[in-house]
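Given next are the chains, with one letter for each unit.
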Amino acid sequence: MKRLTRWLFIAVLSLPLAAQSIVLNAPRDVEEYAEKTLFTAFGGRSPRTLDPQRSYSSDETAYTYGIYEPLYQYHYLKRPYALEPRTAVRVVEPRYFDTDGRELPSDAPAEAIAVSVYDIPIQKGIRFAPHPAFAKDQDGNFLYHDLSYEEAKTKRNPDDFAERGTRELTAHDYVHGIRRIASPRVVSPILGTMSDHIVGLEELARTLREKDRLLREKEGSDAYLDIDDVPFKGAEALDDHTLRIRVKGKYPQFSNWLTMAFFAPVPWEAEKFYSQRGFQENNFTLNTWPVGTGPFMMSVFEENRRHEMVKNPLFRFVPYPCEGEAGDKEKGYLDACGKPLPLVDRVVFEIEKEAVPLQTKFLQGYYDSPSIDRVDTGLGYLTAMADSPEKLALYTKKNLRFPETVEASFWYLGFNWLDPVLGGGKTPEEARRARLLRQAISIAVDWEENIAIFQKNQGIPAHGPLPPGLFGWRDDGPSAFNPVVYRKTEEGRVVRRSIEEAKALLKEAGYPDGRDALTGKPLILSFDYQNAAQGSKAYLEWYQRQFAKLGIQLDIRATDYNRFQDKMNRGAAQIFLWGWVADYPDAENFLFLFYGPNGKVKHGGENAGNYSNPAFDRAFERMKWLEDGPEKARAIDEMIRILQEDAPIMFGYYPKAAAAFHEWVLNAKPTSMVRNSLQYIGVDENLRAERIREWNRPVLWPLLLIVPIAWILVRALRAEARRREERRAKPSPEEAR
């Protein structure tokens with residue numbers, strides 16, 4: 001009993017010392033935080049697709065641009081953004097040709113140019129990350145391209161294969177990737193847009209659709225569709241390391257498209273490998289397990305739970321840039337000039353469906369950033385600072401950083417142009433009524449109030465689709481003043497038009513006080529809302545109050561982002577909230593959201609509301625090949641005025657962008673334009689592990705209360721033991737007699 005007491009005292013008194021290194025609430029082994037790994041989160045569901053020719057959602061870019069490599073990229077540190085080669089040897093200037101095939105001078109007028117030819121040299125020695133799609137036997141035959149269905153359905157990831165292989169990247173892989181844009185098996189969202197630009201792409205798409213139809217009839221839907229045996233002049237490999245792309249007419253923005261994952265190389269071996277039916281049933285496809293040449297490769301894909309990327313062991317030497325606007329040490333920048341990329345060995349994404357657990361784990365140090373692939377996650381913390389001195393003190397104590405940036409993006413409420421109430425209408429009278437209704441709603445929804453309440457003034461009201469800072473936006477132009485929704489006072493101030501003016505438009509549209517003038521029935525509109533976007537019950541109720549100003553009832557239909565996308569693809573949404581982040585810094589990348597041939601339902605493009613106006617389309621077609629200058633500015637002004645009058649969307653606001661990082665995250669420069677930024681971000685893993693232990697020490701002082709309690713208990717037990725021994729030693733009355 002004495003030994004028990006002694007050990008109890010030693011154990012209890014040693015607890016405070018053990019607490020210096022024990023972390024009881026860590027979601028993983030604390031030693032993992034001492035590794036060169038970047039930890040972050042994702043919300044909702046896993047990315048819908050990581051197929052580079054299909055992926056077009058911001059929550060997918062961290063993966064696609066970390067694994068795949070388009071020809072060009074934007075310099076990580078230079079502002080304004082500067083185009084530079086990624087896998088290409090250099091950024092090339094196109095050569096121009098007329099309709100007779102004669103080469104034209106570089107300053108030839110746009111109307112004389114029939115074709116622009118881009119001959120792009122590709123670096124030698126770049127290799128694909130190891131993957132079983134490349135594995136061959138000693139005779140050069142592919143090991144895993146012709147598995148039986150029974151065997152294929154047992155495979156769920158590349159680790160299920162004994163062998164992996166690789167090969168060098170060639171121009172043929174880029175040609176195959178561009179061909180995939182036209183493939184009916186891929187259904188690329190930019191087919192409509194690129195068909196207007198790449199020579200022969202539209203014809204290729206028609207040919208492949210017919211070939212696919214015949215193949216399905218003859219061999220079934222599982223038969224592999226070979227897209228490389230159809231003639232196509234739009235993209236060709238002149239040799240293994242020279243890619244030729246032919247573009248219709250003059251299109252100055254085309255080089256910007258070559259920074260995007262749509263133009264990433266895809267090896268035919270990967271497509272053939274993944275076409276096996278057993279794989280598809282297990283979602284073991286390019287949607288989940290990409291095959292690229294980039295700095296990272298997928299190592300874990302646990303759907304709706306966890307994803308991991310690890311450093312590609314075959315990634316070539318690419319140095320961290322030595323030029324541009326980096327920043328000082330206090331802002332988290334250390335001199336990484338010339339160091340090989342990527343700066344971390346692994347990136348871990350964990351699902352966090354709720355905001356509170358995400359914020360808690362971030363503040364505990366278990367996430368390096370709440371969302372490494374978004375530049376707006378820091379806004380929640382910035383606004384919380386402004387509202388709470390306690391949080392400000394906490395964030396300051398933890399040395400959290402919230403770097404801000406102004407990006408080309410905006411949030412808007414869209415109207416479905418195919419909707420019978422709010423859309424373009426089948427007759428001139430229907431179109432007029434719907435236009436007046438959209439204008440009335442655009443006035444009633446007070447974006448200034450939205451920005452003040454929900455964005456904590458971290459945004460600017462939008463008067464058109466073009467954000468400040470891009471060519472075409474100016475203070476005295478239509479991009480800065482929407483006369484349909486706003487008016488100017490005698491003092492020159494811009495103010496929102498009154499609700500009385502909105503009601504007058506509503507009455508003229510045939511809905512006085514929010515009721516149909518013919519039937520007397522209340523006007524009920526539906527608002528499809530993506531849960532992945534910002535919001536709460538109060539946020540949604542705010543929208544209902546805005547419509548209620550006009551007597552309109554707003555029915556909220558919330559859904560997750562993947563289902564929301566499906567509804568948009570089918571044209572099933574009436575009013576919807578959506579945002580857009582520019583793919584490249586040019587007005588065209590915003591105005592193409594309203595170009596008729598980019599309609600989402602009919603053409604699979606990014607015209608989400610399916611807006612169509614011939615006058616707008618003509619101006620867009622004239623503008624898209626113009627260099628920056630007066631003529632292009634006039635075309636932009638014309639399109640913005642048309643959009644303001646038609647009101648196919650409520651323009652919403654341009655958000656200010658910020659990110660949230662711990663002090664140990666290095667060289668993180670928030671941007672939505674540089675999508676391959678993961679390779680440039682580093683961590684001080686030792687500092688992170690130290691802070692996690694410091695911030696998450698278990699509170700063990702209550703255990704010290706065990707000491708007196710245990711002492712009393714032990715004394716009582718010993719006393720009881722003595723009494724029992726005495727009773728056993730004392731003879732009974734019978735024994736005494």
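Residues numbered from 1 in each chain as written. Predicted model: local features only at pLDDT ≥ 70, side-chain atom pairs only at ≥ 80, totals over all residues. Heavy atoms only, no water.

Draft legend 1. Main features of the nonpolar core. Counting 134 residues, the largest nonpolar core has F254, W257 and F263 as its most contacted members. It is helix 21 (residues 630-646) that provides the largest number of residues to this core, a total of 6 residues. The residues touching F254, leaving out its near neighbours within four places in the chain, are Y118, M194, I198, I245, V247 and F263. Of all hydrophobic cores here, the second largest spans 38 residues; its members include L436, L506, M650 and Y653. (Core = buried A, V, L, I, M, F, W, Y, C linked by side-chain atoms within 4.5 Å. Buried < 20%, exposed > 50% of the residue type's maximum accessible area, 1.4 Å probe, protein only. Helix = DSSP H or I, 4+ residues; strand = E, 2+ residues; numbered from the N terminus. Contact = heavy atoms within 4.5 Å.)

Draft legend 2. Main features of the sheet that holds strand 17 (residues 524-530). The strand order across the open sheet built from 6 strands is 14-20-13-19-17-18, with neighbouring strands paired in mixed fashion. Each edge of the open sheet is held by one strand with a lone partner, namely strand 14 (459-461) and strand 18 (553-559). Put simply, the sheet's adjacent strands are angled 25° from each other on average, direction ignored. Relative to strand 19 (residues 575-581), helix 17 (residues 561-570) is tilted by about 105°, and along the sheet it contacts strand 17, strand 18 and strand 19. (Pairing = 2+ DSSP bridges. Axes fitted to C-alpha atoms, helices over the stretch in contact; angles between N-to-C directions.)

Draft legend 3. The arrangement of the environment of V175 in detail. Within the secondary structure layout, V175 lies in helix 4 (residues 171-181). Owing to a relative accessible area of 9%, V175 belongs among the buried residues under this scheme. Note: C-alpha distance between V175 and F284 (109 residues apart in sequence) is 24 Å. In this structure, V175 is in contact with A235, E236, A237 and L243, ignoring residues within four places of it in sequence.

Draft legend 4. Representation of the pairing of strand 17 in the model. The element strand 17 is largely enclosed, with a buried count of 6 among its 7 residues. Bridge count for strand 17 against strand 18 is 7 bridges, and the pairing is parallel. Paired with D528 across the strands is R557, a residue of strand 18.

Draft legend 5. Spotlight on the packing of aromatic side chains. Counting across every chain of the model gives 50 aromatic pairs. Considering the side-chain rings of Y395 and F402, the 5.9 Å spacing of their centres and the 55° angle between planes classify their relative orientation as tilted. The same class applies to Y395 as to F402, namely buried. Among the aromatic side chains, those forming a connected cluster through ring pairs are W447, F454, F527, Y529, Y539, W542, Y543 and Y653. Over the ring of Y224 we find K272, and its NZ or CZ is 5.5 Å from the ring centre. Over the face of the ring belonging to Y149 we find R277, whose NZ or CZ atom lies 3.9 Å from the ring centre. (Phe/Tyr/Trp six-rings, centres within 6.5 Å; stacked < 30°, edge-to-face > 60°. Lys NZ or Arg CZ within 6 Å of the ring centre and 35° of its normal.)

Draft legend 6. Structural context of the pattern of salt bridges. Enumeration over the complete set of coordinates arrives at 55 salt bridges. Note that D229 is salt-bridged to K211, the shortest N-O span being 2.6 Å. Taken together, the residues span a long stretch of sequence, with D229 in the loop between helix 6 (201-219) and strand 7 (235-239) and K211 in helix 6 at a distance of 18 residues. For K211, a relative accessible area of 24% gives the class partly exposed. In this structure, the salt-bridge partner of E627 is K250, at a minimum N-O distance of 3.4 Å. (Salt bridge = Lys/Arg side-chain N within 4 Å of Asp/Glu carboxyl O.)

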